[in-house]
Amino acid sequence: MCTPEETSLLQVEETFLALLGRINTLVFQPLLLVEEPSHSKDQECLRLLLQLSEQYQCLWELTQTSLRTLRQRLNSPATFTLHSLHLLDSLHLFLEAYQQYFVIYTSCVAVQTFQKATRKKSEFWRSQRKALKQFLTNVILETSGAEALPHVLCQPLTDHVQQYVLLLLRLGDAVGQRHPAWVQVIQAADRFVALQSFIRQALKEASATQALWEMLSNKLVDALCTADRRLLQDSQEVPVVASPVRADRILLFNDALVLLQGHSFQIFDLKLVWVDGKKLDKKQTSSRYGFCVITPEEEFFLSAKDVQGKACWLSKVSQAICQALSGKRDMPTTEQDQEQEGVKPPASRCCLYTFRTEERLRLATYDGDWFWGKPHGKGTLKWPDGRNHVGGFHQGLEHGFGIRLVPNGTEDKYDCYKCHWREGQMLGYGICEYANESMYKGYFRDNMRHGFGVLESSPQAPKPFKFMGHWDRDKKNGYGVLEDKDRGERYIGMWQADHRHGQGIVVTQSGICYQRTFHADKMVGPGILLLEDDSLYEGSFTRDLVYTGKGKITFPNGYFLKASFSTGIGKGFHTQGVLETTAHTLDPLHTCKRQLGLDVFPVESRWRGIYQQFQEFIHSNCPEDAQEAFLGFHIQTAKELRKSQEYLFCDRSNPDEVSAKIKDILAELPTHREPESLQLYLQKALKSSVHPLGKLLKMLTLAFQATYSGMGANKHLLVLAQEEVRHHAKEIWAFYQGLLRVALKQQGQIQEESEDTDKSHPEAYRLVLPLILPCFYPELFMLYMLYHEREDSLYSQGISDLSLFPDTKLLECLDVQKHLWPLKDLTLTTNQRHSLVRDKCFLSATECLQKIITTVDPREKLEMIEKTYNEIEDTVSRVLEREYKLPMDDLLPLLIYVVSRARIQHLGAEIHLIRDMMDPIHRGGLYDFLLTALESCYEHIQKEDMRLHHLAGVGNQKALW
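Caption draft 1: Fine view of the overall build of the protein chain. If you tally the helices and strands in the protein chain, you get 31 helices and 27 strands. Classification of the 961 residues of the protein chain by burial places 50% in the buried group. When the accessible surface of the protein chain is split by element, carbon and sulfur atoms take 51% of a total near 47,000 Å².

Laid out in structure tokens, this is it:
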């Protein structure tokens, strides 16, 4: 059953729809029949009229749909319920359409669009005067129609909204609270009441804004007047003064705060305005009714005469900031909501701003997060000169990880810094890709390279180089390694102010190396020069390796030459001295001199810059926000980074089994205290590219390779490398202990005194050294091979000679007792005798010994040697059919046999590496004894007289064959 109110609503909609049609015919169609204006302001007026017309059409269509549903309701009340009325079912469409219409309409009012339009169409308005008067009988129309037009486009719509309110309230009373649609009807009435409030406020602001533009000078109007700008508060209405800045008048708009001073003005974007009502002006303590205004470059106070004035301005400014940040003015739900005070704008925002006066950022544009007037969070900063910084900010300064592009030269090339920043300065680990295609990876301080770092030129550079070492304020300083690929040499030693300064070692591509003292890149004083044939020269020489002055040459056979050396143009090389050829034992001192750098580069000071960063990370209690700054990171190349800036918000490390977050690492550490569990954890951590232990090992590995690979593979650097590997094991263990202390401290536990770092060197050799040795093994073993090249050559010749013997003949030559021969193991074929079989005796022991080359762990190598001994003893026990413990007299010849049949290349290098790198706990024990026995076999096979003695019977043996 329909109510009379619904019938009234139908009539109202019909009347309103007819009125809209006539307005469209008399107003909008003529207004839009105009040529495209050339002036920018006229173009703006036309744009507003077009927008108003579009929104007007939207209202027309909504009214038509509303009218259609009302007719359906009246015709079929049983099937078409009250809920289905378009006015109720799609209420949000009506509210939004009316709101948008009046937003555009008030923009037209504020910039006097209607006056400008009627002025151009004066003849039309003169002819339509009577028709327009029928709409508004209470308006006295002027000839131009400028005053009537705004009323024609406003009053019918405001009246219709009022009719909606009245009819909906009556409809609600008519259907009663028990009706299912009662709540929906009342809510619709309330929302239209709120719409009325919005329209009144919008009209009031537009009228005040239009009046303001008429009062101001043309210069100010041209600068400040925009269609969307509304005046919200004027200091001439509610007095307020600014300090310490000067202003005759203060205007608050919906998007800006403006301070007028004569014909000049300051304008502050409300998106970047913060207000603090609690902060007082210390210079004007008498003003209790003021509040602080904070902007990106200025901070000033607005002071009112009384508490009401302060509350008014503070509330209006806060509300305006909130609306500016939201991008639109939301329609209030009730009258009380509209007058609500105490709105607090968010302190954190995201905006774009160009600095004008700030010295460091002058004319730079920042786009990103803000907090109380300062860049704070993620953002992008661009300078007019082409500099570009993307990353984190804190209180206006670059802070955290960031990437900066700095133009270099006239071409489109940049220096790209990917680094950590603190308080506006580069601090911590970073990567810089320079415009000349060289790259630096290392640590920075105060925007300069400082600490450990690697600088490498591009391979295509005219003089390619790579430096790895320590830096001080952008200069090479301290211990470092430089590879000069142009000269084909590598310098290992001390630096000062970018020059080689102090003790240094130079290794050339030809295998020659020398140790000298350098002063500002020049060699001074005597030095040591080692030639490829192991000749040792002590004295002065030039960088081109020409002897000068007094010197001494010691030859590999022990002879030496003391002489004075000189050169002359066209005279060749001259020497005058004494050659000593008396046979004597080589002075052990000369053997020591053939290992360079032992006394001049203490192992503790070589890579101090690497350890220092990790130690500081421990001393800082492992802060998670500075983890990358201390420990480094992996990142893409600059070309990939310039395509997208998403890397700033992503993990820069490679995915790994171990968590990259330090809090997870510290939480897990104390759970691995048992030896087996700890060994497995260390193994996984050291292999990880994101774990602090893995990062430390990675840096140490790169430093080791830069020193001893390629040209650095020189046997005279062996002991230098040995020291580093053992020292790295101790330092890595100490770093693990430091991490454990921090982890236990965070969990409220205390580390046991027995686990103190100073007492844990055995654990470093037992747990850490076997795990890290694979990283250093290729370069280290190469040095051992070169150092023992002569002995291994003799050994290889001995193995080659002994391989000519069959098993029984070799056992006989080695004086192995015949009752120990494992002849039962020999499977003979037809027409074959024991004296012809080779490589069959003690086969299990031989295969076991061969396995020492399959591992790099000294402990596992020793276990293989022990197992080889056990296999020999087991074979003998099987032959004798009883358990038998081999004495040394029987063991040594059998072991020589097994070694000769195993044919292990570079056995001397293997033996000495095992002895140098094995756990000290094994020295003097069984492993030490077995290694000594193996070493004796190795030395025995090298002896020429032994081989000749064995080979003496080869001819007779061949006759037997």
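Caption draft 2: Representation of the pattern of salt bridges within the structure. Going through the model one piece at a time under the given rule, you end up with 26 salt bridges. Note that D474 is salt-bridged to R449, the shortest N-O span being 3.0 Å. With D474 in the loop between β18 (465–472) and β19 (475–484) and R449 in strand β17 (residues 448–456), the pair connects residues that are 25 residues apart, well separated along the chain. The class for D474 is partly exposed, based on a relative accessible area of 28%. You can call R449 buried: its relative accessible area is 14%.

Caption draft 3: Broad picture of the packing of helix α23 (residues 789–802) against helix α29 (residues 926–942). At a minimum axis distance of 7 Å, the contact between α23 and α29 shows a crossing angle of 75 degrees. By the angle class used here, α23 and α29 are roughly perpendicular. For the pair formed by α23 and α29, the contact residues are E791, D792, L794, Y795, G798, I799 and L802 on the first element and Y938, I941 and Q942 on the second. Classifying every residue of the contact of α23 with α29 gives six nonpolar, two polar and two charged.

Caption draft 4: Focus on the confidence of the model for the protein chain. Per-residue confidence for the protein chain gives a mean pLDDT of 84; residues scoring 70 or more make up 84%. Below a pLDDT of 50 lies the segment residues 334–340, which in the model reaches eleven contacts outside its immediate sequence neighbourhood of four places, other chains included. Below pLDDT 50 for its whole length, residues 953–961 participates in twelve contacts with residues either more than four positions away or in separate chains.

Caption draft 5: Spotlight on the nonpolar core. In this structure, I610, L693, I732, I772 and L780 are the most contacted members of the largest nonpolar core, which totals 82 residues. Not counting the four nearest positions on each side in its chain, I732 is found in contact with L686, L693, L696, L697, L700, V768 and I772. Counting residues in each nonpolar core, the second largest holds 60 residues, with I23, W60, F80 and V109 among its members.

Caption draft 6: Representation of the sheet that holds strand β6 (residues 274–276) in the model. Read across the sheet, four strands follow the order β2-β8-β7-β6 without closing on themselves; strand pairing throughout is antiparallel. Looking at strand neighbours, the two that pair on one side only are β2 (240–243) and β6, the edges of this open sheet. In this sheet, adjacent strand axes meet at a mean angle of 25 degrees when their direction is disregarded. With four bridges joining them, β2 and strand β8 (residues 299–304) adopt antiparallel strand pairing. Its bridge partner being in β8, V240 is matched across the sheet by A304.

Caption draft 7: Spatial organisation of the state of the cysteines. Under the criterion given, the structure shown has zero disulfides. In this structure C45 is a free cysteine whose sulfur lies 7.8 Å from that of C108, the closest cysteine sulfur available. Under the relative-accessibility criterion, C45 is labelled buried at 7%.

Caption draft 8: Focus on the side chain of S457. Topologically, S457 is positioned in the loop between β17 and β18. Classification of S457 as buried rests on a relative accessible area of 11%. Here F465 takes part through its backbone nitrogen, which lies 2.8 Å from a polar atom of the side chain of S457. Beyond its immediate sequence surroundings of up to four residues, S457 is in contact with E437, S438, K463, P464 and F465.

Caption draft 9: Main features of the pairing of strand β5 (residues 264–269). Bridge analysis of strand β4 (residues 256–261) against β5 gives six bridges, and the strand direction is antiparallel. Bridge assignment links L257 to a residue of β5, and that residue is F268. Hairpin geometry of β4 and β5 is characterised by an intervening segment of two residues between the two adjacent antiparallel strands and by a positive phi of about 65 degrees at G262.

Caption draft 10: Layout of the sheet that holds strand β3 (residues 249–253). Here we have four strands laid out as an open sheet, ordered β1-β3-β4-β5, and antiparallel in their pairing. Edge positions in the sheet fall to β1 (231–234) and β5, since each has one partner strand and no second. Taken over all neighbouring pairs, the strand axes of this sheet differ in orientation by 20 degrees on average, direction set aside.

Caption draft 11: Helix α21 (residues 718–746), seen in detail. Compared with the 42 Å implied by 1.5 Å per residue over 29 residues, the 43 Å span of α21 between its first and last C-alpha is a close match. For α21, the tally of buried residues reaches 21 of 29 residues, placing the bulk of the element in the interior. At the C-terminal side of α21, G748 shows a positive phi close to 75 degrees.

Caption draft 12: Representation of the packing of aromatic side chains within the structure. Enumeration according to the criterion identifies 39 aromatic pairs in this entry. With a centroid separation of 5.5 Å and an interplanar angle of 40 degrees, the aromatic rings of Y105 and F114 are classed as tilted. With a relative accessible area of 4%, Y105 lands in the buried category. Owing to a relative accessible area of 0%, F114 belongs among the buried residues under this scheme. When the ring of Y417 is compared with that of Y434, the centres are 6.2 Å apart and the planes differ by 85 degrees; the resulting orientation is edge-to-face.

Caption draft 13: Broad picture of empty space enclosed by the protein. Tallied over the entire structure, the rule returns two cavities of 30 Å³ or more. As a volume, the largest cavity reaches approximately 50 Å³. Forming the boundary of the largest cavity are I865, Y869, L891, L895, L930 and A933. When its residues are assigned to classes, the lining of the largest cavity shows six nonpolar, no polar and no charged. Reported here for the second largest cavity is a volume of approximately 40 Å³. The wall of the second largest cavity is formed by E456, S457, S458, P459, P464, F465 and K485. A breakdown of the residues in the lining of the second largest cavity according to their chemical character gives three nonpolar, two polar and two charged.

Caption draft 14: Quick look at the packing of α21 against helix α22 (residues 761–787). Axis separation between α21 and α22 bottoms out at 8 Å; the angle between their running directions is 155 degrees. On the basis of their axis angle, the class for α21 and α22 is roughly antiparallel. Crossing of α21 over α22 shows right-handed handedness. For the contact of α21 with α22, a count of residues per class yields 18 nonpolar, three polar and three charged.

Caption draft 15: The arrangement of helix α11 (residues 307–326) in detail. The first and last C-alpha atoms of α11 sit 29 Å apart over 20 residues, in line with the 28 Å expected at 1.5 Å per residue. Taken together, the buried positions of α11 are G309, K310, W313, S315, V317, S318, Q319, A320, I321 and A324. Capping the start of α11, D306 holds a side-chain oxygen 3.3 Å from the backbone nitrogen of Q308, two or three residues further along. Directly beyond the C-terminal end of α11, a positive phi value near 85 degrees is found at G327.

Caption draft 16: How the structure looks around unusual backbone geometry. Following S243, the chain continues into P244 via a peptide bond in cis, with omega recorded as 0 degrees. Its location among the elements puts P244 in the loop between β2 and β3. Residues other than glycine seldom take positive phi values, yet E437 does so here, at roughly 75 degrees. Its place among the elements puts E437 in the loop between β15 (425–433) and β16 (439–445). A residue is classified by how much of its surface remains accessible, and E437, at 55% relative accessible area, is exposed. In this structure, H906 takes a positive phi of about 55 degrees despite not being glycine. By the element assignment, H906 lies in the loop between α27 (888–902) and α28 (907–917).

Caption draft 17: Examining the environment of R360 more closely. Relative to the helices and strands, R360 resides in the loop between β9 (348–354) and β10 (365–371). Once residues lying within four places of it in the same chain are set aside, the contact partners of R360 are W383, G396, L397 and E398.

Parameters and conventions
Residues numbered from 1 in each chain as written. Predicted model: local features only at pLDDT ≥ 70, side-chain atom pairs only at ≥ 80, totals over all residues. Heavy atoms only, no water. Helix = DSSP H or I, 4+ residues; strand = E, 2+ residues; numbered from the N terminus. Buried < 20%, exposed > 50% of the residue type's maximum accessible area, 1.4 Å probe, protein only. Areas by Shrake-Rupley, 256 points an atom, 1.4 Å probe, with all protein chains shown as cover. Salt bridge = Lys/Arg side-chain N within 4 Å of Asp/Glu carboxyl O. Axes fitted to C-alpha atoms, helices over the stretch in contact; angles between N-to-C directions. Parallel < 35°, antiparallel > 145°, perpendicular 65-115°, else oblique. Contact = heavy atoms within 4.5 Å. Nonpolar A, V, L, I, M, F, W, Y, C, P; charged D, E, K, R; others polar. pLDDT = per-residue confidence, 0-100. Core = buried A, V, L, I, M, F, W, Y, C linked by side-chain atoms within 4.5 Å. Pairing = 2+ DSSP bridges. Disulfide = S-S within 2.5 Å. Polar contact = N/O pair within 3.5 Å; in protein donor to acceptor, adjacent residues only side chain to side chain. Expected span 1.5 Å × (residues − 1). Phe/Tyr/Trp six-rings, centres within 6.5 Å; stacked < 30°, edge-to-face > 60°. 1 Å grid on protein atoms, 1.4 Å probe; cavity = no way out; pocket = protein on both sides within 12 Å on 5 of 7 lines; lining within 4 Å. Points joined across faces, edges and corners; volume = space filled by probe spheres on them. Left-handed = near helix turned anticlockwise from the far one by under 90°.

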